[in-house]
Amino acid sequence: MMDWTDRHCRYFHRLLSPNAYLYTEMVTTNALIYGDKDRFLRFDASEHPIALQLGGNDPKDMTICAEMAQDYNYDSVDINCGCPSDRVQSGAFGACLMNEPKTVAACVKEMGKAVDIPVTLKCRIGIDDSEDFDFLDRFVSINAEAGCRIFIIHARKAWLKGLSPKENREIPPLKYDIVQQIKDKYPELHISLNGGIKDVQAVSDHLKDFDGVMVGREAYQNPLFLHALEKLLYPDTSDIDIEAILTKMANYADEQKKQYGTPLKSISRHMIGLFSGTRGAKHWRRQIAERAHADDAKGQLLLDIYDEIKAKNR
Ligand SMILES: Cc1cc2nc3c(=O)[nH]c(=O)nc-3n(C[C@H](O)[C@H](O)[C@H](O)COP(=O)(O)O)c2cc1C
C-alpha cells in the first residue's frame, strides 16, 4: 500500500506475523528503470515471503522490472490493475488496465518468459459501467491464458472519474459473490479475496472458499490483527511478547539510523496502531506523535513509552 507498506512497515509486520505474504507499495517501472532502484527494491531477508508490486503497462519495461524483482530475490511480482488515482490513470496503468486485458496479458506473457518467480495480478471486480461478471471473467480468462495463475481481487469496482482513491475503497459496494463466481469457474487458479475484511473469523470463513485473503487497512491500522490471524491459522503460535517486539524494533531503528540516517519517526509512524483497542492506545499514539519526531530520538523511546503504559495500567 502506497506510503504505508514500505520496508520499515514490513519489517514490523513480519515480527507480528511470521507467515503472512507481504507486499511492497506499488513501484512504477519508471521509478525502477530511471530512479535509484536499490532504494525501492532493497528489503530485509526477514520479509520473505514478499511480492514486489509494479505499476506499468509496457511489456518491455515490465519485463525489465520483473527481472530486477527476481535479481533482488522477491518471491513474486505483482501487476497493479486496481489503483484508480488520477496520477496512475494519467500513466495509463492501475485500474484502467482492466479495460485493456490484452495489454496486461502481453505483460504477463513477457514477464513470465523472463522470470521463474510467479507473475500475479491484483485487480478490481470491474471499473465504471463494466458488466460485473462478464467483464471480470474476460479479464481473468485472457490473463490466465497468458500464464497468470494467481489473482488477488479487490471485490469492488473502481470508478475512474468522480471518486478519490479513498472513496474508491469505501463507496463502490463489496461484491464477494462475483469473486466467488470466478473461483467456481476457474478452480485451478489461485484466487485471493480482498476488500473490507476486518476480523479473524471473516478471514477463516473466506479461506473455506478462496485460496487466500488479502487484508489491507485493518492490518496496518491494528497490527495486532496480524498476530491474531497468525494464532488462528497456526495454532502453535506462542503468545505475543510486546516487549520483545519493541526491543527488536528499537534495535532496528538504531541500526537504520546508523546505516541510512533514517529518523525514528519514519519507522515509528507504522507502529502508531500497535495498542489499538487496548488500554494505553491513546498514550502510545500521542507520545509517539510528540516524541519520535525529535532529531535525536532513539529506538529506546519505544520501550520507554511502553514502560509508561505498563506503569499506568498497574
Ligand atoms: C493508503 C493505501 C495505499 C494503497 N496502496 C495500494 C497499492 O500500492 N497497491 C495496491 O494494489 N493496492 C493499494 N491499496 C489498496 C489495498 O491494497 C486494498 O486493496 C484496499 O485497501 C482494500 O482492502 P482492505 O479493505 O483490506 O483495506 C492501498 C490502500 C490504502 C489504504
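Quantities reported herein were computed from a predicted structural model and do not represent experimental measurements.

**A word on the overall build of the chain**
Looking only at helices and strands, the chain has 15 helices and seven strands in total. Against the compact-globule benchmark of 20 Å for 314 residues, the chain has a radius of gyration of 20 Å, which places it among compact chains. Scored against the burial criterion, the 314 residues of the chain give a buried share of 51%. For the chain, contacts bridging at least 24 residues in sequence account for 70% of all contacts bridging at least 6. Where the 41 positive side-chain charges of the chain centre and where its 47 negative ones centre are 4 Å apart.

**Considerations on helix α12 (residues 242–260)**
With 19 residues, α12 should cover 27 Å at 1.5 Å per step; its first-to-last C-alpha distance of 26 Å lies within 8% of that length. The inward-facing, buried residues of α12 contact α1 (7–16), α11 (224–233), α13 (264–268), α14 (281–291) and α15 (300–313). Just past α12, the residue G261 takes up positive phi, approximately 75°.

**Overview of the packing of α14 against α15**
α15 packs onto α14 with a crossing angle of 150° between their chain directions and a minimal axis gap of 10 Å. The pairing of α14 with α15 is recorded here as roughly antiparallel in orientation. Every pair of crossing elements has a handedness; the one defined by α14 and α15 is right-handed. The residues of α15 that touch α14, namely those facing H283, W284, Q287, I288 and R291, are L301, L302, D304, I305, Y306, E308, I309 and K312. The residue makeup of the contact of α14 with α15, split by class, is seven nonpolar, two polar and four charged.

**A closer look at helix α7 (residues 132–145)**
The terminal C-alpha atoms of α7, which comprises 14 residues, lie 20 Å apart, in line with the 20 Å expected from a rise of 1.5 Å per residue. Counting buried positions along α7 gives ten out of 14 residues, so the element sits mostly inside the fold. Taken residue by residue, α7 has D132, F133, F135, L136, D137, F139, V140, I142, N143 and A144 as its buried positions. Of the surrounding secondary structure, the elements contacted by the buried residues of α7 are β3 (76–81), α6 (101–114), β4 (119–127), β5 (150–158) and α8 (176–185).

**Observations concerning a nonpolar patch on the surface**
A contiguous nonpolar surface patch, about 320 Å² in accessible area, is contributed by L207, L232, L233 and Y234. Checked against the element boundaries, Y234 lands in the loop between α11 and α12. Residue Y234 is classed as partly exposed on the basis of its relative accessible area of 40%.

**With respect to the packing of aromatic side chains**
Applying the stated rule across the entire model yields six aromatic pairs. Seen in terms of ring centroids, Y11 and Y252 are 3.9 Å apart; in terms of plane orientation they differ by 10°. Their pairing is stacked. Highlighted residues: Y11 in helix α1 and Y252 in helix α12, separated in sequence by 241 residues. This pair shows no difference in class: Y11 is buried, exactly as Y252 is. Ring geometry for F43 and Y74: centres 4.6 Å apart, planes at 50°, overall tilted. Note that F43 is positioned in the loop between α3 (37–41) and β2 (50–55) and Y74 in the loop between α4 (59–71) and β3, a separation of 31 residues in sequence. Its guanidinium or amino end placed over the ring of Y260, R7 lies 4.8 Å from that ring's centre, counting from NZ or CZ. For R42, the ring lying beneath its charged end belongs to Y260, and the centroid distance is 4.0 Å.

**Overview of the pattern of salt bridges**
Two side chains carrying opposite charge are able to pair once their charged atoms lie near each other. According to the stated counting rule, one finds 16 salt bridges in the structure shown. Two residues, D132 and K157, come together in a salt bridge whose shortest N-O distance is 3.5 Å. With D132 in helix α7 and K157 in strand β5, this pair connects stretches of sequence that are 25 residues apart. When its relative accessible area of 15% is taken as the criterion, K157 is described as buried. Between K175 and D132 there is a salt bridge; the shortest N-O distance is 2.7 Å.

**As for the sheet that holds strand β6 (residues 190–194)**
If you trace the seven strands from one edge of the open sheet to the other, you get β1-β2-β3-β4-β5-β6-β7, paired in parallel fashion. Whereas interior strands pair on both sides, the edge strands pair on one side only; in this sheet they are β1 (22–28) and β7 (212–214). In this sheet, neighbouring strand axes are inclined to one another by 30° on average, regardless of whether the strands run parallel or antiparallel. Where β3 meets β4, five bridges bridge the pair, whose relative direction is parallel.

**Some thoughts on the domain arrangement of the chain**
The domain architecture assigned to the chain consists of domain 1 (7–233) and domain 2 (242–313). Each partner contributes to the interface: domain 1 provides 13 residues, whereas domain 2 provides 16 residues. Around 1,400 Å² of area is buried between domain 1 and domain 2 when both sides are counted, 67% of it from carbon and sulfur atoms. Inspection of the region where domain 1 meets domain 2 yields zero salt bridges. Viewed at the interface, domain 2 and domain 1 are joined by three residue pairs in polar contact (both at pLDDT 80 or more).

Conventions adopted
Residues numbered from 1 in each chain as written. Predicted model: local features only at pLDDT ≥ 70, side-chain atom pairs only at ≥ 80, totals over all residues. Heavy atoms only, no water. Helix = DSSP H or I, 4+ residues; strand = E, 2+ residues; numbered from the N terminus. Rg over C-alpha atoms; globule rule 2.2 N^0.38 Å. Buried < 20%, exposed > 50% of the residue type's maximum accessible area, 1.4 Å probe, protein only. Contact = heavy atoms within 4.5 Å. Lys, Arg positive; Asp, Glu negative; His and termini not counted. Charge placed at Lys NZ, Arg CZ, Asp CG, Glu CD. Expected span 1.5 Å × (residues − 1). Axes fitted to C-alpha atoms, helices over the stretch in contact; angles between N-to-C directions. Parallel < 35°, antiparallel > 145°, perpendicular 65-115°, else oblique. Left-handed = near helix turned anticlockwise from the far one by under 90°. Nonpolar A, V, L, I, M, F, W, Y, C, P; charged D, E, K, R; others polar. Patch = residues over 30% accessible without salt bridge, like charges linked within 9 Å, V, L, I, M, F, W, Y side chains within 5 Å. Areas by Shrake-Rupley, 256 points an atom, 1.4 Å probe, with all protein chains shown as cover. Salt bridge = Lys/Arg side-chain N within 4 Å of Asp/Glu carboxyl O. Phe/Tyr/Trp six-rings, centres within 6.5 Å; stacked < 30°, edge-to-face > 60°. Lys NZ or Arg CZ within 6 Å of the ring centre and 35° of its normal. Pairing = 2+ DSSP bridges. Domains from an automatic or database assignment. Buried area = accessible area lost by both parts, 1.4 Å probe. Polar contact = N/O pair within 3.5 Å; in protein donor to acceptor, adjacent residues only side chain to side chain.

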